[in-house]
Amino acid sequence: TFCQSRFQHPTPSKPEHSPHKHNIPQYGAKVQYTNSPDTSPALNLANKKRVQEVLGTLLYYTRAINSTMLPAIGSIATQQTNPTKKTME
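Residues numbered from 1 in each chain as written. Predicted model: local features only at pLDDT ≥ 70, side-chain atom pairs only at ≥ 80, totals over all residues. Heavy atoms only, no water.

Draft legend 1. Expanded view of the overall build of the chain. The helix and strand inventory of the chain stands at four helices and zero strands. If you list the helices and strands of the chain from N to C, you get α-α-α-α. Each of the three principal axes of the chain carries a C-alpha extent, and together these read 45 × 30 × 25 Å. Expressed as a percentage of the 89 residues in the chain, the buried residues total 15%. Intrachain contacts of the chain at a sequence separation of at least 6 include 65% that bridge at least 24 residues. For the chain, the exposed surface amounts to about 7,600 Å²; the carbon and sulfur share of it is 56%. Taking the average location of the 10 positive side-chain charges in the chain and that of its 4 negative ones, the two points are 4 Å from each other. (Helix = DSSP H or I, 4+ residues; strand = E, 2+ residues; numbered from the N terminus. Buried < 20%, exposed > 50% of the residue type's maximum accessible area, 1.4 Å probe, protein only. Contact = heavy atoms within 4.5 Å. Areas by Shrake-Rupley, 256 points an atom, 1.4 Å probe, with all protein chains shown as cover. Lys, Arg positive; Asp, Glu negative; His and termini not counted. Charge placed at Lys NZ, Arg CZ, Asp CG, Glu CD.)

Draft legend 2. Looking closely at the environment of T78. With respect to the helices and strands, the residue T78 is situated in the loop between α3 (70-77) and α4 (85-88). Only 2.7 Å separates the side chain of T78 from the backbone oxygen of S75, close enough to count as a polar contact. (Polar contact = N/O pair within 3.5 Å; in protein donor to acceptor, adjacent residues only side chain to side chain.)

Structure (structure tokens):
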């Protein structure tokens, strides 16, 4: 697609049908814990700009064509001011 070629993103070996990472529930557990805080190192300025560029492009696409990506875009947008290595994944 356009975004894959523009940002040189490799095609995944397995198809990815969800734009957002799924948290697997632990059935039978009394308490469902949240994910641990992100402690990975912060990105440099060039990678921070790349995160913002990709996010802006995908946000435009999401608003214009495919609104199902809004939850994933929203979770990345909350991290764009101080992105870490985990944000780049």
